[in-house]
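Residue-level listing of the chains:
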Amino acid sequence: SKSKIKKKTTKTQEAKKILKKKFKVNTKIVFTEDGELVQQWPPVQKSNLAQADEEDDASGINLDKAKEILREEDKFDKEEYRKKVKEKHR
């Protein structure tokens with residue numbers, strides 16, 4: 001009778017199952033009817049350092065490189081924010 005009773009799976013068990021299957025979660029990509037990319041969440045990194053870091057096969061996290069990449073990405077983010085504010089004021 002014990003084998004018939006199913007235990008309720010917890011959120012952590014479900015999350016581990018998803019991680020094991022290597023699904024990409026929390027992403028959203030919107031295309032036009034022509035198949036062109038309109039929007040992607042989370043946004044793709046634009047800096048050259050981030051692209052070079054993806055190609056690098058070193059194990060572990062290099063904090064100095066990560067800081068530099070974030071500084072580069074900040075420049076792009078600030079520019080996007082300025083554009084949004086200018087559009088809002090118009």
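Residues numbered from 1 in each chain as written. Predicted model: local features only at pLDDT ≥ 70, side-chain atom pairs only at ≥ 80, totals over all residues. Heavy atoms only, no water.

(A) Quick peek at the overall build of the protein. Across its full length, the protein holds three helices and two strands. Shown N-terminal to C-terminal, the secondary structure of the protein runs as helices and strands in the order α-β-β-α-α. By residue count, 4% of the 90 residues in the protein fall in the buried class. A separation threshold of at least 6 residues defines the contact pool for the protein, and within that pool the share at least 24 residues apart is 22%. (Helix = DSSP H or I, 4+ residues; strand = E, 2+ residues; numbered from the N terminus. Buried < 20%, exposed > 50% of the residue type's maximum accessible area, 1.4 Å probe, protein only. Contact = heavy atoms within 4.5 Å.)

(B) Representation of the pattern of salt bridges in the model. Enumeration according to the criterion identifies four salt bridges in this entry. For E87, the salt bridge identified is with R90, shortest N-O distance 3.3 Å. Both residues of the pair, E87 and R90, count as exposed. (Salt bridge = Lys/Arg side-chain N within 4 Å of Asp/Glu carboxyl O.)

(C) Representation of helix α1 (residues 11-21). Counting buried residues along α1, only zero of its eleven residues qualify, which leaves the element largely exposed. Within two residues after α1, K22 carries a phi angle of roughly 60°, on the positive side.

(D) A look at a nonpolar patch on the surface. Residues I18, F23 and V25 make up a contiguous nonpolar surface patch of about 280 Å² in total accessible area. Tracing the backbone through its elements, the reader meets F23 in the loop between α1 and β1 (28-31). (Patch = residues over 30% accessible without salt bridge, like charges linked within 9 Å, V, L, I, M, F, W, Y side chains within 5 Å. Areas by Shrake-Rupley, 256 points an atom, 1.4 Å probe, with all protein chains shown as cover.)

(E) How the structure looks around a positive patch on the surface. A surface patch of like charges, here positive, comprises K16, K17, K20 and K21. Looking at where K16 falls in the secondary structure, it is placed in helix α1. (Lys, Arg positive; Asp, Glu negative; His and termini not counted. Charge placed at Lys NZ, Arg CZ, Asp CG, Glu CD.)

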